[in-house]
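Breakdown of the fold
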Amino acid sequence: MKRPKLIAGNWKMNTTLSEGIKLVDILIHAQKKSPFKARVAVAPPYTHLSEFRNKLMNSSICLAAQNVSDKLSGAYTGEISVLMLKDIGIRKVIIAHSERRQYFGETNDIALEKIKIILKHEIHPIYCVGESLTDREKDRHYAVVEEQITAVLYKLSDEKIPKITIAYEPVWAIGTGRTATPDQASDMHSFIRDVVGKRFGDDLAGQLQILYGGSVNAANAGELLSMPHIDGALVGGASLKADEFLAIIQAAG
Ligand code: PGA
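Here is a short report on the structure shown in this document. (Residues numbered from 1 in each chain as written. Predicted model: local features only at pLDDT ≥ 70, side-chain atom pairs only at ≥ 80, totals over all residues. Heavy atoms only, no water.)

The next point concerns the nonpolar core. When a protein is soluble and globular, its nonpolar side chains tend to lie buried together. Core analysis: the largest hydrophobic core is formed by 73 residues, its most contacted members being I7, Y127, L153, I166 and I192. Counting residues in hydrophobic clusters, the runner-up holds twelve residues, among them A41, C62, C128 and L211. (Core = buried A, V, L, I, M, F, W, Y, C linked by side-chain atoms within 4.5 Å. Buried < 20%, exposed > 50% of the residue type's maximum accessible area, 1.4 Å probe, protein only.)

Printed below as a string of structure tokens:
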């Protein structure tokens, strides 16, 4: 089945508002000059979202957040609720990025709560999974990713599955310059689709959009994105350089 490609930029904790505006303006301009064939999303820091919403109002570039609280409102200092994101027109949220798992103790259970709460408010999750270097070296990578998928997706009802994007991001490839080979990535994507298919059937599994993330750049994007199970990319470092990000978008078209 033909799935649309999505290129999503995860800016992480980078750029001040004025730096971010410069970067997003270049993307808006490029898209006006020659409309992107792939779907494109950017996930800047929270402080940029409101301003970007206005800028992206008439653009096909989708605005995403990097995180959300698993609570709706209340005494949770420092947290941002799905209601606040919905109110400013956010359409996607990255959930359980490995940096959130690693540095902020996010578990599969927390990811599930976050996914449930945002789907209820019609915002789509980009749910991140991926093994550590030790997991891969000990040949546990399939088991780890299977657990991340079953602990979360298997707890959701069938009609939610097409609303979810998975990002397979091996931790050892994030920000390291060491990319999974196209075969390694494609094998894992195909494995994820099988795991989803076992519970939800081949049709829903076939619709699932699975992105690859981990040191994607202009030089390796073409080969990765040509693999049959790779439906796009979640791009960190290279999404902060306009030329590089635009080249990745081109490679997806
Ligand atoms: P990277 O980050 O492209 O800088 O490796 C990817 C990610 O963490 O989403």
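Around the ligand lies a shell of 13 residues, among which K12, H97, E169, G175 and S215 are the nearest. At 2.6 Å from an oxygen atom of the ligand is found a main-chain nitrogen or oxygen belonging to G175. The contact in question runs from an oxygen atom of the ligand to an N or O atom on the backbone of G237, over 2.8 Å. Surface burial for the ligand is 95%, taken as the share of its 280 Å² of free accessible area covered by protein chains. Taken together, the residues of the shell around the ligand break down into four nonpolar, seven polar and two charged. (Near = heavy atom within 4 Å. Polar contact = N/O pair within 3.5 Å; in protein donor to acceptor, adjacent residues only side chain to side chain. Areas by Shrake-Rupley, 256 points an atom, 1.4 Å probe, with all protein chains shown as cover. Nonpolar A, V, L, I, M, F, W, Y, C, P; charged D, E, K, R; others polar.)

Let us now look at the side chain of S69. Among the secondary structure elements, S69 is positioned in the loop between β3 (62-65) and α3 (82-87). A polar contact is formed between the side chain of S69 and the backbone nitrogen of K71, at a distance of 2.9 Å. Dropping the residues within four chain positions of it, S69 is found in contact with E79, I80, S81, K114 and I117. (Helix = DSSP H or I, 4+ residues; strand = E, 2+ residues; numbered from the N terminus. Contact = heavy atoms within 4.5 Å.)

The next thing to look at is the sheet that holds strand β8 (residues 232-235). Within a beta sheet, neighbouring strands are joined by backbone hydrogen bonds and run either parallel or antiparallel to one another. Taken in spatial order, the eight strands close into a barrel running β1-β2-β3-β4-β5-β6-β7-β8, and their pairing is parallel. Taking the axes of each pair of neighbouring strands and ignoring which way they run, one obtains an average angle of 25° across the sheet. Relative to strand β4 (residues 92-95), β3 runs parallel, the two sharing two bridges. Across the sheet, A65 pairs through a bridge with V93, a residue of β4. (Pairing = 2+ DSSP bridges. Axes fitted to C-alpha atoms, helices over the stretch in contact; angles between N-to-C directions.)

Okay, the packing of aromatic side chains next. Counted under the stated rule, the structure contains four aromatic pairs. One Lys or Arg, R100, reaches over the ring of F104 and ends 4.1 Å from the middle of that ring. Sitting over the ring of F200, R199 keeps its end group 4.5 Å from the ring centre. (Phe/Tyr/Trp six-rings, centres within 6.5 Å; stacked < 30°, edge-to-face > 60°. Lys NZ or Arg CZ within 6 Å of the ring centre and 35° of its normal.)

Take the environment of K55 next. Mapped onto the elements, K55 comes out in helix α2 (residues 49-55). A residue is classified by how much of its surface remains accessible, and K55, at 28% relative accessible area, is partly exposed. The residues contacting K55, other than those within four sequence positions of it, are I21, V24, D25 and I28.

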